Amino acid sequence: MADDRLSLVFSALADPTRRDIVARLAAGDATVNELAEPYDVTVQAVSKHIKVLQDAGLVSRSRDAQRRPCHLEAEVFDLMTKWIERYRREAEDRFRRLDALLEQMGEQPTTGTPTKEAAS
């Protein structure tokens, strides 16, 4: 089930406008109208982007009197971080093994290649 949620999150973040909205919400809550201000699109288009982010669990909306601010749900990033961290550790392990192998190869004497002194 976490994989399905992760797919939704990565899919939602595939769009640059949605990534920008997430970045702006990281600074604080904002209404859809406030989020729509810098874009050359309709408020309805931004509202659709917010809906995708909500469906992925990245954003929630609340009611504050007449305002309906959007709020970034940061715990979703923990899920992403854990997934990314797992593969980062695996990649680091492969690089460490490769470094050790290259170091071993550098320590072994080479055979069959003439040295400068033997060539002269």
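The model shown is predicted, which means the values in this text are computed figures rather than measured ones.

Caption draft 1: View of the nonpolar core. Judged by nonpolar contacts, the single largest core of 22 residues is most densely connected at Ile21, Leu25, Leu35, Val46, Ile50 and Leu58. Listed by contribution, the elements that provide at least two residues to this core are α1 (2–12), α2 (16–26), α3 (32–36), α4 (43–55), β2 (70–72) and α5 (75–107). Non-local contacts of Leu35, meaning those with residues more than four positions away in its chain, are made with Ile21, Arg24, Leu25, Ala30, Val46, Ile50 and Cys70.

Caption draft 2: Molecular detail of the packing of aromatic side chains. Going through the model one piece at a time under the given rule, you end up with 2 aromatic pairs. Site record: aromatic cluster; members linked through ring pairs are Phe10, Trp83 and Tyr87.

Caption draft 3: Seen up close, a nonpolar patch on the surface. On the surface, Phe95, Leu98, Leu101, Leu102 and Met105 cluster together into a nonpolar patch covering about 500 Å² of accessible area. In this structure, Phe95 sits in helix α5.

Caption draft 4: Representation of the side chain of Arg18 in the model. Inspection of the secondary structure puts Arg18 in helix α2. The side chain of Arg18 is buried and forms no salt bridge, while Asp15, the nearest opposite charge, is found at 4.5 Å. Setting aside its immediate chain neighbours within four residues, Arg18 contacts Ser11, Ala12, His49, Val52 and Leu53.

Caption draft 5: Geometry of α4. Compared with the 18 Å implied by 1.5 Å per residue over 13 residues, the 18 Å span of α4 between its first and last C-alpha is a close match. Looking at α4, one finds that the buried residues are Val46, His49, Ile50 and Leu53. All buried residues of α4 lie within an arc of 100° about the axis, which places them on one face of the element. Exposed positions of α4 whose direction lies more than 90 degrees from the buried face are Gln44 and Lys48. Positive phi shows up at Gly57, right after α4, with a value of about 85°.

Caption draft 6: α2, seen in detail. Among the residues making up α2, those that are buried are Arg18, Ile21, Val22 and Leu25. The buried residues of α2 all sit within an arc of 100° when viewed along its axis, so they share a single face. Relative to its buried face, α2 has exposed residues pointing more than 90 degrees away, namely Pro16 and Ala26. Of the residues flanking the start of α2, the one acting as N-cap is Asp15, its side-chain oxygen 2.8 Å from the backbone nitrogen of Thr17.

Caption draft 7: Here's a closer look at the pattern of salt bridges. Counted under the stated rule, the structure contains 6 salt bridges. Salt-bridge contacts for Glu34 lead to Arg67; the nearest nitrogen and oxygen are separated by 3.3 Å. One end of the pair, Glu34, is in helix α3; the other, Arg67, is in the loop between β1 (59–61) and β2, and 33 residues separate them in sequence. Several salt bridges converge on common partners, so that one network encompasses Glu85, Arg88, Arg89 and Glu92.

Cut-offs applied
- Residues numbered from 1 in each chain as written.
- Predicted model: local features only at pLDDT ≥ 70, side-chain atom pairs only at ≥ 80, totals over all residues.
- Heavy atoms only, no water.
- Core = buried A, V, L, I, M, F, W, Y, C linked by side-chain atoms within 4.5 Å.
- Buried < 20%, exposed > 50% of the residue type's maximum accessible area, 1.4 Å probe, protein only.
- Helix = DSSP H or I, 4+ residues; strand = E, 2+ residues; numbered from the N terminus.
- Contact = heavy atoms within 4.5 Å.
- Phe/Tyr/Trp six-rings, centres within 6.5 Å; stacked < 30°, edge-to-face > 60°.
- Patch = residues over 30% accessible without salt bridge, like charges linked within 9 Å, V, L, I, M, F, W, Y side chains within 5 Å.
- Areas by Shrake-Rupley, 256 points an atom, 1.4 Å probe, with all protein chains shown as cover.
- Salt bridge = Lys/Arg side-chain N within 4 Å of Asp/Glu carboxyl O.
- Lys, Arg positive; Asp, Glu negative; His and termini not counted.
- Expected span 1.5 Å × (residues − 1).
- Arc of directions from axis to C-beta.
- Polar contact = N/O pair within 3.5 Å; in protein donor to acceptor, adjacent residues only side chain to side chain.

Limitation: the analysis is restricted to geometry and does not speak to function.
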